[in-house]
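Each chain, written out:
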Amino acid sequence: MAKMEDRLDGMVKRYNEINEMMMDSKIVSDRKTMAKLGREQRELTPIVETYQEYKKAKEDLAEAKELTKEDDKEIREMAQMEVDELEPKIQDYLDQLEKLLVPKDPNDSHNCIIEIRGAAGGDEGNIFAGDLYRMYVKYCEQKGWRTEVIESEPSEAGGYSLISFKVNGDGAYGTLKFESGSHRVQRVPKTESQGRIHTSTATVLCMPEIEEDDFEIDMNDLEIDTMRSSGAGGQHINKTDSAVRIVHKPTGIVVKCQDGRSQHENRATALMTIRARVYEAHQRELEEKNDKARMSKIGTGDRAEKIRTYNYPQNRVTDHRIGYTVNQLDRIMDGRLEDLMQALAAADQQAKIAGEKSE
C-alpha cells in the first residue's frame, strides 16, 4: 500500500506541475505543448480526484476510531456507525485506484485511423466492408467525432475493396482500437437466387494518429510519387497531378491519397497515414517479441483473428473474444455500439489487472 501511495503522490505532484505550466504565457502560446499537457492533465484528473477522496476518508476514519474510545456512550455509538460506513467506502476507493493505475496505452487519447478491406467472399466481402464503414461513421456521429476519408477503392458491386478514414475525437483510438481484426458476416447475398446463406469477411485495422515528434520516419526511406487523381471527385480530377503515393521502402507499406483538394493536402494526409502504418508495424514487432504484452490484451489486432460475427438471419452479433452476444444486429449496424465498446474496454481492463497481479 505504501508503494501505491508513493506512486500516487508522484502523480499529484506532476498534476500540480502541469497546472502551473499551463498558466505559463510561453507555454500557452505553444499549441502543440498545450495539447500534450492537456491530454496528460485529463488522464491524471480522475486519479488525483479519487486519491484525494481516499485520503480524506482515511483521515475521517482515523478521527472516528479515536472517538470510539470516548467515555460518552452516544458519541461512541455514532463514531462506530461512521467507522462502519467509512471502511467499505475506503475499500471502494482502493478498488477504483487499482483500476485507474493500470498502465494505459499512451496513444489512447489520440485520433484514430481506420482501414477496412473487403476480404473473403469477393463482392460480398467488399459490400460488407462498406456496411462496416457506415456503422463506424454513424457511431462516430453519435459520439460527436468527425470522420474524414483518407483513401478509398470503391467496388463495382457496392462497398469498398479498401476504405481508410480518420476519426477526430478525444479518446477515439482508445475506444476503437479493439475493432482491429477479421469481421465475419453471415447472410443471403442479394445476388443469391437460391436463398443460401454465405459467409464473407472484411478486415479492420485501427491505428493511432502519431505526431511527428512522437515517431519520426526517415524521409530517405520514403518513395513519394505524384499522379493524376482518378474516379469521381469534382472538376479538378484528372487535370492536375494532385494524387500522392508514398512507399515506405524498408517495410513495403504503401499509402495513396487523392481525396484532398490539393497535392499539398494529399501529401500531408499520406505522410500522416504512412507514419501511423509504420508505427503500427513497429509496435506489432515489439509485441511479438514480448508475448506477455500480447496475452494481456483481449485481442492481438491480427487481421486473421476472427473477432466478431454478424449473423443477419438471426439478427445476432457475437464478439468471440469476450463471449458477448446480442440479438440486436440492426441496432449495431446503425452505429449503436456503446454497450459493446464498454464491454470490450472492461474486459481489457480486467485482463490487464490480472496481468499486473500475476507479476
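Residues numbered from 1 in each chain as written. Predicted model: local features only at pLDDT ≥ 70, side-chain atom pairs only at ≥ 80, totals over all residues. Heavy atoms only, no water.

Caption draft 1: Highlighting the overall build of the protein chain. Across its full length, the protein chain holds 10 helices and 11 strands. Out of the 359 residues in the protein chain, the part that is buried amounts to 42%. Considering only residue pairs separated by 6 or more positions, the protein chain has 62% of its internal contacts joining residues 24 or more positions apart. As displayed, the protein chain has an accessible area near 19700 Å², and 47% of this comes from carbon and sulfur atoms. (Helix = DSSP H or I, 4+ residues; strand = E, 2+ residues; numbered from the N terminus. Buried < 20%, exposed > 50% of the residue type's maximum accessible area, 1.4 Å probe, protein only. Contact = heavy atoms within 4.5 Å. Areas by Shrake-Rupley, 256 points an atom, 1.4 Å probe, with all protein chains shown as cover.)

Caption draft 2: Geometry of the packing of helix α3 (residues 31-67) against helix α4 (residues 73-100). The contact between α3 and α4 brings their axes to 8 Å, and the two run at 155°. Between α3 and α4, the angle is such that the two are roughly antiparallel. Regarding α3 and α4, the two cross each other, and that crossing is left-handed. Taken together, the residues of the contact of α3 with α4 sort by class into 17 nonpolar, two polar and seven charged. (Axes fitted to C-alpha atoms, helices over the stretch in contact; angles between N-to-C directions. Parallel < 35°, antiparallel > 145°, perpendicular 65-115°, else oblique. Left-handed = near helix turned anticlockwise from the far one by under 90°. Nonpolar A, V, L, I, M, F, W, Y, C, P; charged D, E, K, R; others polar.)

Caption draft 3: A look at the environment of methionine 219. Tracing the backbone shows methionine 219 in the loop between β5 (198-208) and β6 (222-227). Using a relative accessible area of 44% as the deciding quantity, one classes methionine 219 as partly exposed. Ignoring anything within four residues of it in the chain, the contact list for methionine 219 reads Ile224, Arg267 and Leu271.

Caption draft 4: How the structure looks around unusual backbone geometry. The phi angle at asparagine 315 is positive, at roughly 50°, despite the residue not being glycine. Asparagine 315 gets classed as partly exposed once you look at its relative accessible area, which sits at 26%.

Caption draft 5: Quick peek at the packing of aromatic side chains. By the definition in use, this model includes five aromatic pairs. Relative to tryptophan 145, the ring of tyrosine 139 has its centre 6.2 Å away and its plane inclined at 90°; by these criteria the two rings are edge-to-face. Both residues of the pair, tyrosine 139 and tryptophan 145, count as buried. Pairwise contacts between aromatic rings join Tyr133, Tyr160 and Phe165 into one cluster. The ring centre of tyrosine 312 lies 4.7 Å from the NZ or CZ of arginine 187, which sits over that ring. (Phe/Tyr/Trp six-rings, centres within 6.5 Å; stacked < 30°, edge-to-face > 60°. Lys NZ or Arg CZ within 6 Å of the ring centre and 35° of its normal.)

Caption draft 6: How the structure looks around the pairing of strand β2 (residues 146-154). Across eight bridges, the pairing between β2 and strand β3 (residues 160-168) is antiparallel. When the sheet's bridge partners are listed, arginine 146 is paired in β3 with asparagine 168. From the end of β2 to the start of β3, which pair antiparallel, there are five residues, and glycine 158 there has a positive phi angle of about 120°. (Pairing = 2+ DSSP bridges.)

Caption draft 7: Examining the nonpolar core more closely. Counting residues in hydrophobic clusters, the biggest one holds 32 residues, and the most contacted among them are Ile114, Ile116, Leu132, Tyr136, Val167, Leu176 and Tyr310. Those elements that place two or more of their residues in this core are β1 (112-118), α5 (123-143), β3, α6 (172-176), β5 and α9 (329-333). Top contributing element to this core by residue count: α5, with nine residues. Apart from the residues within four sequence positions on either side, leucine 132 is in contact with Ile116, His183, Ala202, Val204, Tyr310 and Met333. Residues Tyr15, Ile47, Val48 and Val83 belong to the second largest nonpolar core, which totals 23 residues. (Core = buried A, V, L, I, M, F, W, Y, C linked by side-chain atoms within 4.5 Å.)

Caption draft 8: Representation of the environment of isoleucine 114 in the model. Within the secondary structure, isoleucine 114 is located in strand β1. Setting aside anything within four residues of it in sequence, one finds isoleucine 114 in contact with Ile163, Ser164, Phe165, Val167, Leu176, Val204, Leu205 and Cys206.

Caption draft 9: Expanded view of the sheet that holds β2. Pairing is mixed in the open sheet, where eight strands are placed in the order β2-β3-β1-β5-β4-β9-β10-β11. Both outer strands of the open sheet, β2 and β11 (324-326), are each paired with one neighbouring strand and no more. On average, each strand axis in the sheet is inclined to that of its neighbour by 15°, with strand direction left out of account. Packed onto the sheet, α5 meets β1, β2, β3, β4 (181-187), β5 and β9 (306-311) and runs at close to 45° relative to β5.

Caption draft 10: Looking closely at the pairing of strand β8 (residues 253-257). With burial as the criterion, only one face of β8 is covered, namely that bearing Ile253, Val255 and Cys257; the residues Val254 and Lys256 on the opposite face remain uncovered. Sheet topology places strand β7 (residues 243-248) next to β8; five bridges connect them, and they run antiparallel. Within β8, the residue paired with histidine 248 across the bridge is isoleucine 253. Linking β7 back to β8 in an antiparallel pair, the connection comprises four residues, with glycine 252 at a positive phi of about 80°.

Caption draft 11: Spotlight on the sheet that holds β7. Here we have three strands laid out as an open sheet, ordered β6-β7-β8, and antiparallel in their pairing. The open sheet has two edge strands with one neighbour each: β6 and β8. Neighbour-to-neighbour, the strand axes of this sheet turn through a mean angle of 15°, independent of strand direction. Inspection of the sheet shows β6 paired to β7 by six bridges, in the antiparallel sense. Paired with threonine 226 across the two strands is valine 244, which belongs to β7.

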